[in-house]
Amino acid sequence: MPKLDVLSMTGEKVGDYDLNPDIFDIEVNEHAVYLVVKNIRANKRQGTHSAKTRAEVRGGGRKPWRQKGTGRARQGSIRSPQWRGGGVVFAKKPRDYSYTTPKKIRRLAMKSVLTSKARDNEIIVLDSLNFEKPKTKDMVKVLESINADKKAYVVTADNCENVIRSCNNIPNTKTEMAQNINVYDLLKYNSLVVTKDALDKISEVFA
(Lines give C-alpha, C1' and ligand atoms only; values in the text may rest on other atoms or scores of the structure.)
Protein backbone atom coordinates (compact mmCIF):
# COMPACT_ATOMS: atom_id res chain seq x y z
CA MET A 1 0.00 0.00 0.00
CA PRO A 2 1.50 3.37 -1.03
CA LYS A 3 2.21 5.77 1.83
CA LEU A 4 2.90 9.51 1.96
CA ASP A 5 4.27 11.83 4.64
CA VAL A 6 1.81 14.20 6.25
CA LEU A 7 3.23 17.70 6.67
CA SER A 8 2.23 20.66 8.78
CA MET A 9 1.84 24.13 7.26
CA THR A 10 5.44 24.82 8.30
CA GLY A 11 6.75 21.80 6.37
CA GLU A 12 7.39 19.51 9.36
CA LYS A 13 6.42 15.83 9.18
CA VAL A 14 3.59 15.08 11.59
CA GLY A 15 2.53 11.61 10.44
CA ASP A 16 1.86 9.20 7.57
CA TYR A 17 -1.08 8.68 5.24
CA ASP A 18 -1.91 5.31 3.68
CA LEU A 19 -3.21 5.88 0.16
CA ASN A 20 -6.08 3.80 -1.17
CA PRO A 21 -4.45 1.32 -3.63
CA ASP A 22 -7.68 1.14 -5.66
CA ILE A 23 -7.17 4.81 -6.58
CA PHE A 24 -3.47 5.56 -6.17
CA ASP A 25 -1.90 2.27 -7.26
CA ILE A 26 -3.53 0.96 -10.45
CA GLU A 27 -2.27 0.26 -13.95
CA VAL A 28 -2.15 3.65 -15.69
CA ASN A 29 -4.38 3.84 -18.77
CA GLU A 30 -2.99 6.65 -20.94
CA HIS A 31 -5.67 6.31 -23.59
CA ALA A 32 -8.44 6.89 -21.05
CA VAL A 33 -6.60 10.02 -19.88
CA TYR A 34 -6.34 11.22 -23.49
CA LEU A 35 -10.06 10.69 -24.10
CA VAL A 36 -11.06 12.62 -20.98
CA VAL A 37 -8.67 15.53 -21.62
CA LYS A 38 -9.94 15.74 -25.19
CA ASN A 39 -13.51 15.81 -23.86
CA ILE A 40 -12.76 18.53 -21.29
CA ARG A 41 -11.05 20.73 -23.89
CA ALA A 42 -13.94 20.24 -26.32
CA ASN A 43 -16.47 21.21 -23.66
CA LYS A 44 -14.53 24.41 -22.99
CA ARG A 45 -14.84 25.55 -26.61
CA GLN A 46 -17.23 28.46 -27.13
CA GLY A 47 -18.13 27.49 -30.68
CA THR A 48 -19.03 31.09 -31.58
CA HIS A 49 -17.06 31.16 -34.84
CA SER A 50 -19.03 32.32 -37.86
CA ALA A 51 -18.24 33.15 -41.51
CA LYS A 52 -20.59 34.33 -44.24
CA THR A 53 -21.72 32.18 -47.14
CA ARG A 54 -22.36 33.71 -50.59
CA ALA A 55 -26.03 34.04 -49.59
CA GLU A 56 -25.11 36.28 -46.64
CA VAL A 57 -22.45 38.54 -48.19
CA ARG A 58 -23.67 41.99 -49.13
CA GLY A 59 -23.86 42.94 -52.83
CA GLY A 60 -23.56 40.97 -56.06
CA GLY A 61 -27.21 41.23 -57.04
CA ARG A 62 -26.55 41.77 -60.75
CA LYS A 63 -24.45 39.87 -63.23
CA PRO A 64 -21.04 41.63 -63.53
CA TRP A 65 -20.97 41.29 -67.35
CA ARG A 66 -22.99 39.60 -70.03
CA GLN A 67 -22.76 35.84 -70.44
CA LYS A 68 -21.17 35.73 -73.89
CA GLY A 69 -19.08 37.84 -76.17
CA THR A 70 -16.62 39.48 -73.76
CA GLY A 71 -13.92 36.80 -73.90
CA ARG A 72 -13.91 36.53 -70.15
CA ALA A 73 -15.11 33.63 -68.02
CA ARG A 74 -18.83 33.67 -67.30
CA GLN A 75 -19.71 35.11 -63.90
CA GLY A 76 -23.04 35.27 -62.13
CA SER A 77 -22.11 37.40 -59.09
CA ILE A 78 -19.16 39.33 -57.72
CA ARG A 79 -19.86 37.65 -54.37
CA SER A 80 -19.11 34.13 -55.59
CA PRO A 81 -16.40 32.35 -53.54
CA GLN A 82 -13.66 32.88 -56.17
CA TRP A 83 -14.05 36.67 -55.97
CA ARG A 84 -12.26 38.90 -53.48
CA GLY A 85 -14.87 39.78 -50.87
CA GLY A 86 -17.00 36.83 -51.88
CA GLY A 87 -18.64 34.32 -49.58
CA VAL A 88 -16.94 31.31 -47.98
CA VAL A 89 -17.72 27.95 -49.61
CA PHE A 90 -18.20 25.85 -46.46
CA ALA A 91 -18.56 28.65 -43.93
CA LYS A 92 -18.12 27.82 -40.24
CA LYS A 93 -21.24 28.44 -38.19
CA PRO A 94 -21.82 28.53 -34.41
CA ARG A 95 -22.06 25.02 -32.99
CA ASP A 96 -21.85 23.13 -29.72
CA TYR A 97 -18.69 21.02 -29.40
CA SER A 98 -19.59 19.46 -26.05
CA TYR A 99 -20.17 15.75 -25.61
CA THR A 100 -20.10 13.22 -22.79
CA THR A 101 -17.47 10.60 -22.00
CA PRO A 102 -18.67 7.38 -20.30
CA LYS A 103 -18.49 7.49 -16.50
CA LYS A 104 -16.22 4.43 -16.30
CA ILE A 105 -13.70 6.08 -18.64
CA ARG A 106 -13.73 9.30 -16.60
CA ARG A 107 -13.21 7.36 -13.37
CA LEU A 108 -10.39 5.27 -14.89
CA ALA A 109 -8.66 8.42 -16.18
CA MET A 110 -8.91 10.08 -12.75
CA LYS A 111 -7.41 7.04 -11.01
CA SER A 112 -4.66 6.82 -13.65
CA VAL A 113 -3.61 10.45 -13.14
CA LEU A 114 -3.72 10.17 -9.34
CA THR A 115 -1.61 7.00 -9.53
CA SER A 116 0.89 8.76 -11.77
CA LYS A 117 1.05 11.71 -9.36
CA ALA A 118 1.69 9.39 -6.42
CA ARG A 119 4.44 7.49 -8.22
CA ASP A 120 6.15 10.70 -9.33
CA ASN A 121 6.06 12.11 -5.76
CA GLU A 122 3.94 15.05 -6.89
CA ILE A 123 1.38 14.75 -4.07
CA ILE A 124 1.96 16.80 -0.91
CA VAL A 125 -0.34 15.94 2.00
CA LEU A 126 -1.05 18.58 4.63
CA ASP A 127 -2.43 17.88 8.09
CA SER A 128 -4.64 20.96 7.71
CA LEU A 129 -4.80 24.18 5.71
CA ASN A 130 -6.62 27.24 6.92
CA PHE A 131 -6.00 30.89 7.75
CA GLU A 132 -7.64 33.27 10.19
CA LYS A 133 -7.95 35.80 7.37
CA PRO A 134 -7.06 35.85 3.64
CA LYS A 135 -3.41 36.69 3.12
CA THR A 136 -1.44 35.87 -0.02
CA LYS A 137 1.86 36.23 1.83
CA ASP A 138 0.91 33.43 4.26
CA MET A 139 -0.08 31.09 1.43
CA VAL A 140 3.19 31.75 -0.41
CA LYS A 141 5.07 30.95 2.79
CA VAL A 142 3.20 27.63 3.16
CA LEU A 143 3.94 26.62 -0.45
CA GLU A 144 7.62 27.44 0.03
CA SER A 145 7.78 25.51 3.34
CA ILE A 146 6.40 22.32 1.78
CA ASN A 147 8.55 22.70 -1.37
CA ALA A 148 5.57 22.84 -3.71
CA ASP A 149 6.22 23.48 -7.38
CA LYS A 150 5.50 26.92 -8.85
CA LYS A 151 2.45 25.36 -10.52
CA ALA A 152 0.39 24.10 -7.57
CA TYR A 153 -3.10 22.63 -7.45
CA VAL A 154 -4.44 23.19 -3.92
CA VAL A 155 -7.29 20.85 -2.97
CA THR A 156 -9.37 21.19 0.18
CA ALA A 157 -12.23 19.15 1.60
CA ASP A 158 -14.58 22.11 1.98
CA ASN A 159 -15.08 25.55 0.51
CA CYS A 160 -12.35 27.35 2.50
CA GLU A 161 -12.90 30.98 1.56
CA ASN A 162 -9.72 32.23 3.24
CA VAL A 163 -7.57 29.66 1.41
CA ILE A 164 -9.20 30.46 -1.94
CA ARG A 165 -8.72 34.20 -1.53
CA SER A 166 -5.15 33.69 -0.33
CA CYS A 167 -4.33 31.78 -3.55
CA ASN A 168 -6.11 34.09 -5.98
CA ASN A 169 -3.14 36.40 -6.56
CA ILE A 170 -0.50 33.67 -6.78
CA PRO A 171 0.43 32.94 -10.43
CA ASN A 172 -0.06 29.38 -11.69
CA THR A 173 -1.89 28.32 -8.52
CA LYS A 174 -5.47 27.08 -8.37
CA THR A 175 -7.73 25.97 -5.52
CA GLU A 176 -10.50 23.40 -5.77
CA MET A 177 -12.72 21.28 -3.55
CA ALA A 178 -12.00 17.54 -3.51
CA GLN A 179 -15.23 16.53 -5.24
CA ASN A 180 -14.63 19.00 -8.10
CA ILE A 181 -11.10 18.03 -9.17
CA ASN A 182 -10.64 17.06 -12.81
CA VAL A 183 -8.07 15.24 -14.92
CA TYR A 184 -7.12 18.31 -16.99
CA ASP A 185 -6.14 20.41 -13.95
CA LEU A 186 -4.29 17.51 -12.31
CA LEU A 187 -2.13 17.26 -15.43
CA LYS A 188 -1.76 21.01 -15.85
CA TYR A 189 -0.34 21.64 -12.36
CA ASN A 190 2.84 19.89 -11.22
CA SER A 191 2.21 19.72 -7.46
CA LEU A 192 -1.00 18.42 -5.93
CA VAL A 193 -1.25 20.04 -2.49
CA VAL A 194 -4.05 18.27 -0.65
CA THR A 195 -5.25 18.06 2.95
CA LYS A 196 -5.89 14.76 4.75
CA ASP A 197 -9.62 15.46 4.84
CA ALA A 198 -9.61 16.14 1.11
CA LEU A 199 -7.80 12.84 0.44
CA ASP A 200 -10.44 11.04 2.49
CA LYS A 201 -13.14 12.65 0.38
CA ILE A 202 -11.33 11.78 -2.87
CA SER A 203 -11.15 8.16 -1.72
CA GLU A 204 -14.84 8.26 -0.86
CA VAL A 205 -15.88 9.77 -4.22
CA PHE A 206 -13.67 7.82 -6.63
CA ALA A 207 -13.22 4.43 -4.91
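Procedures and definitions
- Residues numbered from 1 in each chain as written.
- Predicted model: local features only at pLDDT ≥ 70, side-chain atom pairs only at ≥ 80, totals over all residues.
- Heavy atoms only, no water.
- Helix = DSSP H or I, 4+ residues; strand = E, 2+ residues; numbered from the N terminus.
- Patch = residues over 30% accessible without salt bridge, like charges linked within 9 Å, V, L, I, M, F, W, Y side chains within 5 Å.
- Areas by Shrake-Rupley, 256 points an atom, 1.4 Å probe, with all protein chains shown as cover.
- Salt bridge = Lys/Arg side-chain N within 4 Å of Asp/Glu carboxyl O.
- Lys, Arg positive; Asp, Glu negative; His and termini not counted.
- Charge placed at Lys NZ, Arg CZ, Asp CG, Glu CD.
- Buried < 20%, exposed > 50% of the residue type's maximum accessible area, 1.4 Å probe, protein only.
- Phe/Tyr/Trp six-rings, centres within 6.5 Å; stacked < 30°, edge-to-face > 60°.
- Lys NZ or Arg CZ within 6 Å of the ring centre and 35° of its normal.
- Pairing = 2+ DSSP bridges.
- Axes fitted to C-alpha atoms, helices over the stretch in contact; angles between N-to-C directions.
- Contact = heavy atoms within 4.5 Å.
- Core = buried A, V, L, I, M, F, W, Y, C linked by side-chain atoms within 4.5 Å.
- Right-handed = clockwise from strand over helix to strand, strands pointing away.

**As for the environment of Pro21**
By secondary structure assignment, the location of Pro21 is in helix H1 (residues 21-24). Counting along the chain gives 63 residues from Pro21 to Arg84, while the straight-line C-alpha distance between them is 63 Å.

**As for a positive patch on the surface**
On the surface, a cluster of positive charge is contributed by Lys133, Lys135, Lys137 and Lys141. Within the fold, Lys135 resides in the loop between strand E3 (123-126) and helix H4 (136-145).

**What to know about the pattern of salt bridges**
Within the structure shown, the criterion is met by 9 salt bridges. Across the pair Lys13 and Asp16 runs a salt bridge whose closest N-O atoms are separated by 3.3 Å. Of the charged contacts in the structure, one is a salt bridge between Lys117 and Glu122, with a shortest N-O distance of 3.2 Å. According to the relative accessible area criterion, Lys117 is buried, its value standing at 4%.

**What to know about the packing of aromatic side chains**
Evaluated as defined, the whole model comprises 2 aromatic pairs. Taking the centre distance of 5.9 Å and the plane angle of 40 degrees together, the rings of Trp65 and Trp83 count as tilted. With Trp65 in the loop between helix H2 (30-44) and helix H3 (103-119) and Trp83 in the loop between H2 and H3, the pair connects residues that are 18 residues apart, well separated along the chain. Assessed through its relative accessible area of 26%, Trp83 is described here as partly exposed. A ring pair is formed by Tyr153 and Tyr189, whose centres lie 5.6 Å apart and whose planes are at 10 degrees; its orientation type is stacked. Of this pair, Tyr153 sits in strand E4 (residues 152-156) while Tyr189 sits in the loop between helix H6 (183-188) and strand E6 (191-195), placing them 36 residues apart in sequence. For Tyr153, a relative accessible area of 1% corresponds to the buried category. Here the guanidinium or amino end of Arg45 rests over the ring plane of Tyr97, the centre of that ring lying 3.6 Å away.

**What about the sheet that holds E6?**
Pairing in this open sheet of 6 strands is mixed, and the strands run E2-E1-E3-E6-E4-E5 from one edge to the other. Two strands in the sheet have a free side with no partner beyond their single neighbour: strand E2 (13-18) and strand E5 (173-177). Strand-to-strand twist across the sheet, computed as the mean angle between neighbouring axes with direction ignored, equals 30 degrees. Note: E4 against E6, 4 bridges, orientation parallel. Pairing of Ala152 across the sheet is with Ser191, part of E6. In the packing of helix H7 (residues 196-206) onto the sheet, contacts are made with strand E1 (3-7), E2, E3, E4 and E6, and the angle to E6 comes to roughly 95 degrees.

**Things to note about unusual backbone geometry**
With a phi angle near 55 degrees, Asn121 is a residue other than glycine that sits in the positive phi range. Among the structural elements, Asn121 can be located in the loop between H3 and E3. One non-glycine residue with positive phi stands out, namely Asn147, at about 60 degrees. Relative to the elements of secondary structure, Asn147 occurs in the loop between H4 and E4.

**Let's talk about the nonpolar core**
Counting residues in each nonpolar core, the largest one holds 32 residues, and the members touching the most others are Phe24, Val194 and Ile202. Contact partners of Phe24, with chain neighbours within four places excluded, come to Pro2, Leu19, Leu114, Thr115, Ala118, Ile123, Leu199, Ile202 and Ser203. Counting 17 residues, the second largest nonpolar core, distinct from the first, contains Leu126, Met139, Cys160 and Val163.

**Considering the pairing of E5**
Relative to E5, E4 is paired through 5 bridges, and the arrangement is parallel. Counterpart to Ala152 in the pairing with E5 is Thr173. Running through helix H5 (residues 161-167), the crossover from E4 to the neighbouring parallel element E5 is right-handed.

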